[in-house]
Amino acid sequence: MATAAREHWNSRFGFVAAAVGSAVGLGNMWRFSYLTAEKGGAAFVGLYLLFTAAVGLPVMLAELTIGRGSGKSPILALAHYGGARWKALGGLFVATGFLILSYYSVIAGWTLRYAGEALIIGLPADPGAHFGEISQGFGAFLFHLAFMGLTMGIVAGGVTKGIERVSVVAMPLLFVLVCGIALYAATLDGAGAGYAYYLNADLDNAFSMDVLVAAAGQAFFSLSLGMGAMLTFASYLQRDSNLPNESLIIASADFGVAFLAGLMVFPIIFALGLSADISGSTLGALFVALPKAFINMGGIGRLIGLLFFLALVVGALTSAISLLEVVVSAAVDGLEWTREKAVIVMGLMISMLGAASAWSLNILDVMDQIANNIFLLGGGLALSIFVGWVMDDPLAEVAEGASGVRWFFAWRQLLRWVVPAVLVFVLYHSVPTTVANIGMLWRGE
Ligand code: PHE
């Protein structure tokens, strides 16, 4: 066991900024928009909101409770409350963080490149061809490495001097950027068609299992749940923090930014007549359609494009930090490595694994589906059973710092019955769907 006292966040805002930073990322701006386009608009958004509130929020509070209560990284935290055999679940969390960061950083690398290009040489003349060139291969790998380097540098700085210091600046900046671009988008002629597409429910589609599974997976991914990121950040909390409040703030901010992202993406795309570019959207569609839109806007497009990709980079960075911190904190606590050693060894291993996703978009897509639709949902299921049934008196832990709060009285019952039932149902459908999708991608469609 490390002998040094555990670090604590400097301020309440520091924790909230870091946790919101973890939640808000590519999931909100890239993944949410492309899934909304692919799954047909508002019905998906509604289901996603429902999952966030009914399933995501209770699981978020469960993670914060285990984290603050144990003051340990995931593997030891689960052993603390559940005994040694629960270490395996903590191990799964760490492995999931490892897997997600490996491909997340590749996408973040694209955004880094787009932002850099918008700043220095301008947007590409043919975004479709450009995306084809930069999204796979050696260039993608280099930008992935650059992004991993940034992430590693911040995590090496430690919890307060690295993660907190960056988050308290990055999060307000991100918020201003997203609001600013959404406001600008509202002034475009023809923005209305974008809002109509975004906010009109396509009810025929809403009840397909595919949409349901995607909405559930997206809720977990976007809230950073099911792999111990929130747990790890909460392990650096002081005991007087109000956990139910913090979970509400984090979930609302996360949904808020995703919703705002839709308010910037869809009007821009529709105002410039590019809706065909995102119909039946794929992973890369936004990276083609949006630059096209920015180019069509003329001079100001370059600036808006720069700000847009800057927002993506900032969001991705604060999320990547939390993914790496899960892996690093496990190595520091469990293997008694120094933070520097953990950052270097784990960071390099993750960078190597990312080579596979940088090599092929199909591999990236497969990893994303496995991580979200199976690991995060499965991790969330195990976690809700753990706090619902195994852990002694989680309510007493939550009540500390939150004794005046009434709404969480039903929380443990939700974790016992509702959350597992919903997740078992979703997993029952998502596992075969995901396996089928993987087969398709593997065979090249
Ligand atoms: N929530 C992050 C996003 O929306 C991704 C993430 C998932 C981060 C899981 C940490 C853990 O981009």
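Since the structure is predicted, the reported quantities are computational estimates derived from the model, not experimental observations.

Student: Which residues make up helix H6 (residues 127-135), and what are the values?
Tutor: Looking only at H6, the buried set comprises Pro 127, His 130, Phe 131, Ile 134 and Ser 135. Down the axis of H6, the sector holding all buried residues measures 110 degrees, keeping them to one side. The inward-facing, buried residues of H6 abut helix H5 (87-120), helix H7 (138-156), helix H14 (285-296), helix H16 (339-359) and helix H17 (361-390). Looking one or two residues beyond H6, the residue adopting positive phi is Gly 137, at roughly 105 degrees.

Student: How would you summarise the side chain of Ser 135 if you had to cite specific residues and measurements?
Tutor: Tracing the sequence through the fold places Ser 135 in helix H6. Classification of Ser 135 by relative accessible area gives buried; the value is 1%. Separated by 2.7 Å, the side chain of Ser 135 and the backbone oxygen of Phe 131 make a polar contact. Not counting residues up to four positions away in its chain, the partners in contact with Ser 135 are Trp 110, Ala 140, Ala 358 and Leu 361.

Student: A description of the site of the ligand should follow, citing residues and the corresponding values.
Tutor: Taken together, 14 residues lie near the ligand, and Ala 23, Gly 27, Tyr 104, Phe 221 and Ser 224 sit nearest. Interatomic distance of 3.1 Å between a backbone N/O atom of Ser 22 and a nitrogen atom of the ligand. Within the contact set of the ligand, an oxygen atom lies 3.3 Å away from a side-chain nitrogen or oxygen of Asn 28. Here the ligand, which alone exposes 320 Å², has 100% of that area covered by the protein. Class assignment for the residues of the shell around the ligand results in six nonpolar, eight polar and no charged.

Student: Would you mind going over unusual backbone geometry in detail, with residue names and values included?
Tutor: In this model, Ser 224 sits at a positive phi of 55 degrees, which is unusual for a non-glycine residue. With respect to the element layout, Ser 224 can be found in the loop between helix H11 (209-222) and helix H12 (229-234). The phi angle at Asp 393 is positive, at roughly 45 degrees, despite the residue not being glycine. Looking at where Asp 393 falls in the secondary structure, it is placed in the loop between H17 and helix H18 (394-399). Asp 393 gets classed as partly exposed once you look at its relative accessible area, which sits at 48%.

Conventions adopted
- Residues numbered from 1 in each chain as written.
- Predicted model: local features only at pLDDT ≥ 70, side-chain atom pairs only at ≥ 80, totals over all residues.
- Heavy atoms only, no water.
- Buried < 20%, exposed > 50% of the residue type's maximum accessible area, 1.4 Å probe, protein only.
- Helix = DSSP H or I, 4+ residues; strand = E, 2+ residues; numbered from the N terminus.
- Arc of directions from axis to C-beta.
- Contact = heavy atoms within 4.5 Å.
- Polar contact = N/O pair within 3.5 Å; in protein donor to acceptor, adjacent residues only side chain to side chain.
- Near = heavy atom within 4 Å.
- Areas by Shrake-Rupley, 256 points an atom, 1.4 Å probe, with all protein chains shown as cover.
- Nonpolar A, V, L, I, M, F, W, Y, C, P; charged D, E, K, R; others polar.

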